[in-house]
Amino acid sequence: MLRFTDEHEWLRVEGDIATVGITKHAAEQLGDLVFIELPKVGATLKKGAAAAVVESVKAASDVYAPVDGEVTEVNAAAVEDPTMVGGDPQGAGWLYRIRLDDTSALDGLMDEAAYASFAK
Amino acid sequence: MPSETARPQNARTPLHALHLRLGARMVPFAGYELPLHYPQGLLAEHLHTRHSAGLFDVSHMGQIVLTPRSGRIENAARALEALMPVDVLGLAPGRQRYAVLTHDDGGIRDDLMIAHLGDRLALVANAANKESDEAHLREQLSDSCDVSVLRRALIALQGPASDAALLRLVPTLAGMRFMDVREVDLMGAPATVTRSGYTGEDGFEISLPEDAAEAVADALLSDVTVRPVGLGARDSLRMEAGLCLHGADIDETTSPIEAGLTWAIQPVRRADGERSGGFPGAERILREIAEGPTRRRVGLRPEGRAPVRAGAALFLGEAEAEAAGQVTSGGFGPSLRAPIAMGYLPLKAAEPGRRVFADLRGERLPIAVTPLPFVPAGFKR
């Protein structure tokens, strides 16, 4: 199940684990990425709080936690090579995985069609 | 009424259609709609400029011409010397020079290039300041000079392959040195070409009529070595070259001495010089040359990979509570594959090798003070 936020993040949900990244639209807006900072594994995130930072040559942008939960895994390869986030933001360029406190938190998020029209 | 209102916001340059045709991502900048980057992306554009040649639309910059009413160019040069700590009288015909317009308190009103075209002086000023520069020059120089603003395009061709690419179009430009200026026929249009730029690389800036700009840009881009480069890479290139951006690294509060621009003040304008002083801010500027400024612009290399941005406070110690300085430009240096920044530090801390700290998202990030430029210049002197 793929879900999207109005902060241009995507979540791929399997059971109570969500993989989180930035959308293709966001990646295009940011341009080439040169640095990313991810939350620590085990960190507890609150919805709406800054969870990660993605930086282009020009600017730093916060990536907000889309749901409450605990970080279970981060994409170390993307930290090593931030260009993979721009190159494949909805695939190999995922950012982190989070165990949802409450899967009903996904109900308010957009599906792919709704996001596509939102991001126009 | 401020003349800023005379120019619509998001004005278009003569190369607007070209940018759209090339698929540029357009952004508002200094009242113009300009390319941030093209489909190739900022990093590739930056590196291409360092290795080959990049074409930049800098038509947003101010092109101002001073023509002496007396017909004697030295009268225009002398009048301009009253506004800047620069040897303008000593500028030879066919040569260009970097200059700063100063305020009475020694701050920098703008930085600009001055070219001696034989019977007149041609200035290139920052887009954000061009209206205020024009007003200042009219107010101060109208007795001696006609001040006119050119409606012309400005194309920068920068990088080690730019010489060969330009010579293929205009073989007669052979033999120009860094900071030479020539007026030539460029594909049937009267162009003014300087061998200078804002990237630290060898290169040229080409001033030409607006209606000739697209054909000339297309001709240059048809060369396989030349690719279009946007504002994003223009900024990262100038930062690696250690060049100041007015409004960021220099402004009305920084003196040229603090900014490390003492080299732009020729001995003839310094204490004991033949035309010592006589420019706005002379008292502070000459004192700082003699006694040293209290702070100085430095190069900064953050340890690790996180960029430090403009506005970040700088601390002399990891536990210091009081900021000692500030980052004025910061980001990522694609040629160095590392974060770079510039900022101001107290003179005692402004020594290469010194370690300072910046606040970054609540943590103290160690930063090495380094010499400028970060990337050696490729000028053909």
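Since we're looking at a predicted model, the values are computed, not measured. All residue numbers refer to position in the chain's written sequence, counted from 1. Each chain is given a letter, starting from A, and each ligand a number, starting from 1, according to the order in which they appear as written. Whole-chain, interface and lining totals are the exception, using all residues; otherwise, since this is a predicted model, local features are given only for residues with pLDDT of at least 70 and side-chain atom pairs are given and counted only at 80 or more. Note that water and hydrogens are dropped before the side-chain values are worked out from all heavy atoms of the structure.

Peer 1: Report on the overall build of chain B, specifying residues and quantitative values.
Peer 2: Helix and strand definitions follow DSSP, with helices as H or I runs of at least four residues and strands as E runs of at least two, each counted in order from the N terminus. Assigned secondary structure in chain B consists of 8 helices and 19 strands. Atoms considered for the radius of gyration are the C-alpha atoms alone. The globule rule reads 2.2 Å times the number of residues to the power 0.38. A compact globule built from 381 residues would reach a C-alpha radius of gyration of about 21 Å, and chain B, at 21 Å, matches this within 12%. Buried, partly exposed and exposed residues are distinguished by accessible area as a fraction of the type maximum, computed with a 1.4 Å probe on protein chains only: under 20%, between the cut-offs, and over 50%, respectively. In chain B, which comprises 381 residues, the share counted as buried stands at 59%. Throughout, a contact is declared for two residues whenever any of their heavy atoms are within 4.5 Å. Considering only residue pairs separated by 6 or more positions, chain B has 66% of its internal contacts joining residues 24 or more positions apart. Calculation of accessible area relied on Shrake-Rupley with a 1.4 Å probe; when residues are assessed, cover is drawn exclusively from the protein chains displayed. Total accessible area on chain B stands at roughly 15,300 Å², and carbon and sulfur atoms take up 52% of it. Here Asp and Glu are counted as negative and Lys and Arg as positive; His is not counted, and neither are the chain ends. To locate a charge, the coordinates of NZ of Lys, CZ of Arg, CG of Asp or CD of Glu are taken. The average position of the 42 basic charges and that of the 48 acidic charges among the side chains of chain B differ by 4 Å.

Peer 1: Which residues make up the UniProt feature "domain: Aminomethyltransferase C-terminal" (unreviewed entry) in chain B, and what are the values?
Peer 2: UniProt positions are given in the numbering used here, feature names are shortened, and annotations may be inferred rather than shown by experiment. As annotated by UniProt and renumbered to match this structure, "domain: Aminomethyltransferase C-terminal" (unreviewed entry) occupies residues 295–375 of chain B. End-to-end, the C-alpha atoms of residues 295–375 of chain B are 23 Å apart, and along that stretch the chain is 0% helix and 53% strand.

Peer 1: Any chance you could break down the UniProt feature "domain: Lipoyl-binding" (unreviewed entry) in chain A for me, citing the residues and the numbers?
Peer 2: UniProt's feature table lists "domain: Lipoyl-binding" (unreviewed entry) at residues 17–99 of chain A, given in the numbering used throughout. Between the C-alpha atoms that bound residues 17–99 of chain A the distance is 5 Å, and the span itself is 20% helix and 42% strand.

Peer 1: Which residues make up the sheet that holds strand 3 (residues 17–22) of chain A, and what values do they have?
Peer 2: Two strands pair if DSSP finds at least two bridges between them. Across the sheet, 6 strands lie side by side as 1-2-3-9-8-5 (chain A); this open sheet has antiparallel pairing. The sheet terminates laterally at strand 1 (2–4) and strand 5 (44–45) of chain A, the two strands that pair on one side only.

Peer 1: Tell me about the packing of aromatic side chains, and name the residues and values.
Peer 2: Stacked, edge-to-face and tilted are the three classes for Phe, Tyr and Trp ring pairs, Trp counted by its six-membered ring, which pair at centre distances within 6.5 Å; planes under 30 degrees apart are stacked, over 60 edge-to-face, the rest tilted. Per the stated rule, a full pass over the model turns up 4 aromatic pairs over all chains. Residues A:Phe4 and A:Tyr115 carry aromatic rings whose centres are separated by 4.8 Å and whose planes lie at 10° to one another, so their mutual orientation is stacked. With A:Phe4 in strand 1 and A:Tyr115 in helix 4 (residues 112–118), this residue pair connects regions lying 111 residues apart in the sequence. Grouping residues by exposure puts A:Phe4 and A:Tyr115 together as buried. By relative accessible area, which is 6% here, A:Tyr115 ends up buried. Here a set of aromatic residues connected by ring pairs shows up, and it is made of A:Phe4, A:Tyr115 and A:Phe118. By the criterion adopted, a ring carries a charge over it if an Arg CZ or a Lys NZ lies within 6 Å of its centre and within 35 degrees of its normal. It is A:Arg97 that lies over the ring of A:Trp94; its NZ or CZ is 4.1 Å from the centre. Here B:Arg364 stacks its cationic end above the ring of B:Phe315, 3.5 Å away from the centre of that ring.

Peer 1: An account of helix 7 (residues 231–240) of chain B is needed here, citing residue identities and associated values.
Peer 2: All names here are of chain B. Counting buried positions along helix 7 gives 10 out of 10 residues, so the element sits mostly inside the fold. Packing partners of the buried residues in helix 7 comprise strand 1 (25–29), strand 2 (32–37), helix 2 (42–51), strand 3 (53–57), strand 16 (325–333) and strand 17 (338–346). Looking one or two places after helix 7, you find glycine 242, whose phi comes out positive at around 70°.

Peer 1: Residue-level account of the pattern of salt bridges, with values.
Peer 2: Residues and elements named next belong to chain B. Criterion for a salt bridge: a side-chain nitrogen of Lys or Arg within 4 Å of a carboxyl oxygen of Asp or Glu. Scanning the entire structure with this criterion turns up 33 salt bridges over all chains. In this structure, arginine 21 engages aspartate 218 in a salt bridge whose closest nitrogen and oxygen atoms are separated by 3.0 Å. Here aspartate 218 lies in helix 6 (residues 213–221) and arginine 21 lies in helix 1 (residues 16–21), a separation of 197 residues in the sequence. You can call aspartate 218 partly exposed: its relative accessible area is 31%. One salt bridge connects aspartate 87 with arginine 275, and the closest N-O pair in it is separated by 2.8 Å. With aspartate 87 in the loop between helix 3 (73–81) and strand 5 (96–102) and arginine 275 in the loop between helix 7 and helix 8 (282–291), the pair connects residues that are 188 residues apart, well separated along the chain. Taken together, the shared-partner salt bridges in this structure form one network comprising Glu81, Asp87, Arg97, Arg269 and Arg275.

Peer 1: Can you break down helix 5 (residues 162–169) of chain B residue by residue, with the values?
Peer 2: Residue and element names in this part refer to chain B. Taken as a whole, helix 5 has its buried residues at Ser162, Ala165 and Leu166. Buried residues of helix 5 fall within an arc of 95° about the axis and therefore sit on the same side. Those residues of helix 5 that are buried lie in contact with strand 3, strand 9 (152–158), strand 11 (189–194), strand 12 (203–209), helix 6 and strand 13 (226–228). Directions are taken from the helix axis to each C-beta atom, and the arc is the one they span.

Peer 1: Would you mind going over the UniProt feature "domain: GCVT N-terminal" (unreviewed entry) in chain B in detail, with residue names and values included?
Peer 2: According to UniProt, the positions carrying the feature "domain: GCVT N-terminal" (unreviewed entry) are residues 15–266 of chain B. In this annotation, residues 15–266 of chain B is assigned 25% helix and 31% strand; the end-to-end C-alpha distance for the span is 37 Å.

Peer 1: An account of the sheet that holds strand 9 of chain B is requested, with residue identities and associated values reported.
Peer 2: Residues and elements named next belong to chain B. Spatial strand order, 10-11-12-9-3-13: 6 strands in an open sheet with mixed pairing. Of all strands in the sheet, those with a lone pairing partner are strand 10 (181–186) and strand 13, marking the two edges. For this sheet, the mean inter-axis angle between neighbouring strands, taken without regard to orientation, is 25°. Strand direction decides the pairing type here: strand 3 and strand 13, joined by 3 bridges, are parallel. Only the stretch in contact is used when fitting a helix axis, every axis being a line fitted to C-alpha atoms; angles between N-to-C directions are given from 0 to 180 degrees.

Peer 1: Tell me what's going on with the packing of helix 2 of chain B against helix 7 of chain B, and back it up with residues and numbers.
Peer 2: The relative placement of two packed helices is expressed as an angle between their axes plus a distance between the axes. Residues and elements named next belong to chain B. Their axes nearest at 9 Å, the elements helix 2 and helix 7 cross at an angle of 50°. Taken together, the axes of helix 2 and helix 7 lie oblique to each other. Relative to helix 7, the crossing made by helix 2 is right-handed. Along the contact surface, helix 2 presents Leu42, Glu45, His46, Thr49 and Arg50, while helix 7 presents Gly232, Ala233, Ser236, Leu237 and Glu240. Gly is put with the polar residues, along with every residue not named as nonpolar or charged; the nonpolar set is Ala, Val, Leu, Ile, Met, Phe, Trp, Tyr, Cys and Pro, and the charged set is Asp, Glu, Lys and Arg. Residues that form the contact of helix 2 with helix 7 fall into these classes: 3 nonpolar, 4 polar and 3 charged. Reported orientations rely on four angle classes, namely roughly parallel under 35 degrees, roughly antiparallel over 145, roughly perpendicular from 65 to 115, and oblique for the rest. Two helices that cross are described as forming a left-handed crossing if the nearer one is turned anticlockwise from the farther one by less than a right angle, and a right-handed crossing if clockwise.

Peer 1: Help me get a handle on the domain arrangement of chain B, residues and values and all.
Peer 2: All names here are of chain B. Where a domain begins and ends is set by an automatic assignment or by a domain database. Segmentation of chain B into domains returns domain 1 (1–292) and domain 2 (294–381). The gap between the C-alpha centroids of domain 1 and domain 2 is 26 Å. Facing the 29 residues of domain 1 at the interface are 26 residues of domain 2. Interface area for domain 1 against domain 2, summed over the two sides, is near 2,300 Å², with a carbon-plus-sulfur share of 56%. The interface formed by domain 1 and domain 2 holds 1 salt bridge in total. Arginine 295 is the salt-bridge partner of glutamate 258, the closest N and O atoms lying 3.2 Å from each other. Polar contacts, as used here, are pairs of N or O atoms within 3.5 Å; protein pairs need one atom able to donate a hydrogen and one able to accept it. Residues neighboring in sequence count only if both atoms are side-chain atoms. Between domain 1 and domain 2 we count 17 residue pairs in polar contact (both at pLDDT 80 or more) in total. Counting only elements with at least two residues in the side of domain 1 that touches domain 2, the list comes to helix 2 and helix 7. Accessible area that two parts lose when put together, evaluated with a 1.4 Å probe and summed over both, is termed the buried area.

Peer 1: Outline the UniProt feature "modified residue: N6-lipoyllysine" (unreviewed entry) in chain A, supporting the account with residue identities and numerical values.
Peer 2: In this numbering, the UniProt entry assigns the feature "modified residue: N6-lipoyllysine" (unreviewed entry) to A:Lys58. In this structure, A:Lys58 sits in the loop between strand 6 (50–56) and strand 7 (60–64). Each residue touching A:Lys58, except ones within four places of it in the same chain, is listed here: B:Leu36, B:Leu42, B:Gly232, B:Asp235 and B:Arg309.

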